[in-house]
Every structure is written in C-alpha cells, then in structure tokens.
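# Close look at the chain arrangement
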Amino acid sequence: MEELFVYALLYSIGYSRYDEYQLVLDKLFLNDPSNEELLNLEGMKCKDAMLHLFSLMQTSTIDQDKFGSLLMGILKSVYQESNIKEFSRKMYELWQRLPSSMNEKEPFFTFSYADDCLSYNDEQQCRALYEEALNYYENEQ
C-alpha cells in the first residue's frame, strides 16, 4: 500500500500521477485479488480513491523506508522540472500532510524548514537541503 499512499500524498498537493497510480493499483490487485481494499479502490473514481487512500495513510502502519524511497524517487523528477519556490511551497504542504509518525523524522522533516533559506535569498542552501533529502535513501544503502 505504500506505493498507493505515495500517489495519494502527491495528489493532495497537486501532483496528479493518475496513470502511474492506476498501473500500480492494477499490479497490486492482480497479485492479491482477494484484498478487499484493493478491490474497492479499483471501483473508485480518482478523487474518491485518493481521498480514501489519504485517510488510510493517516491510520495505517507504514514501512517508512519503502514509502520514503518511493516518494523521493518520484520527487527527484518533480524537483528537476520545478521552480524552486513552487517546489518549496509544495514540499511544506507535503510535510504537513504526512502521518505524525513520520513528519518529525528525516528525510521528511527537512521539508518543514528547507524553504526558510529562500527568505534570505540563499537558493543554494535550499537546494542543498532538498537534494540531501531526495537522496537520503540512496545514501543509506
């Protein structure tokens, strides 16, 4: 479910990747066709599925390493394609929406303060913080 939680979180901050989400959902469902939660998600419209997943994410036990690795992998491409101010705003929103069990831990906690550097025009430091967070799981291995 971590993969689906990543797509719900991204959707909640305006990064819809519905086609990718649908492929992951289909794969998970084919691997576990008796899973009622996956079956329910298959029958939901995009917005309803994302809201449902977002709600589940807040109450589920999540493998932080798996979730974080998947999230950072997608965010790397978003980061490369984004304006730093817009990316910073979105990452703060993302941090606010993370389950409380995660938002005080690295690399996620970085999203709560990395944009502070922009207030005194230090884009280089801001980028360094984001890049460290985005590469966190690569550095852990």
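Above: the structure in question.
Residues numbered from 1 in each chain as written. Predicted model: local features only at pLDDT ≥ 70, side-chain atom pairs only at ≥ 80, totals over all residues. Heavy atoms only, no water.

### Points about the packing of helix H5 (residues 64-81) against helix H7 (residues 123-134)
In the contact formed by H5 and H7, the axes pass within 9 Å of each other and the chain directions differ by 150°. Contacts from Met 72, Leu 75, Lys 76 and Tyr 79 of H5 reach H7 at Arg 127, Tyr 130, Glu 131, Ala 133 and Leu 134. Its residues assigned to classes, the contact of H5 with H7 shows 6 nonpolar, no polar and 3 charged. (Axes fitted to C-alpha atoms, helices over the stretch in contact; angles between N-to-C directions. Helix = DSSP H or I, 4+ residues; strand = E, 2+ residues; numbered from the N terminus. Contact = heavy atoms within 4.5 Å. Nonpolar A, V, L, I, M, F, W, Y, C, P; charged D, E, K, R; others polar.)

### Some thoughts on helix H1 (residues 2-12)
With respect to burial, H1 is a largely interior element, 9 of its 11 residues being buried. Along H1, the residues that are buried comprise Glu 2, Glu 3, Leu 4, Phe 5, Val 6, Tyr 7, Ala 8, Leu 9 and Leu 10. Structurally, H1 contributes buried residues whose contacts are with helix H2 (18-31), helix H3 (36-42), helix H4 (46-59), H5 and helix H6 (84-97). Looking at the residues trailing H1, positive phi occurs at Gly 14, about 100°. (Buried < 20%, exposed > 50% of the residue type's maximum accessible area, 1.4 Å probe, protein only.)

### What to know about the pattern of salt bridges
Applying the stated criterion to the full structure yields 7 salt bridges. Ionic pairing is found between Arg 89 and Glu 86, a salt bridge with its closest N-O pair at 2.7 Å. On the criterion of helical spacing, the pair formed by Arg 89 and Glu 86 is a turn pair, its members being 3 residues apart in helix H6. By sharing partners, the salt bridges in this structure join Glu 86, Arg 89, Lys 90, Glu 93 and Arg 97 into a single network. (Salt bridge = Lys/Arg side-chain N within 4 Å of Asp/Glu carboxyl O.)

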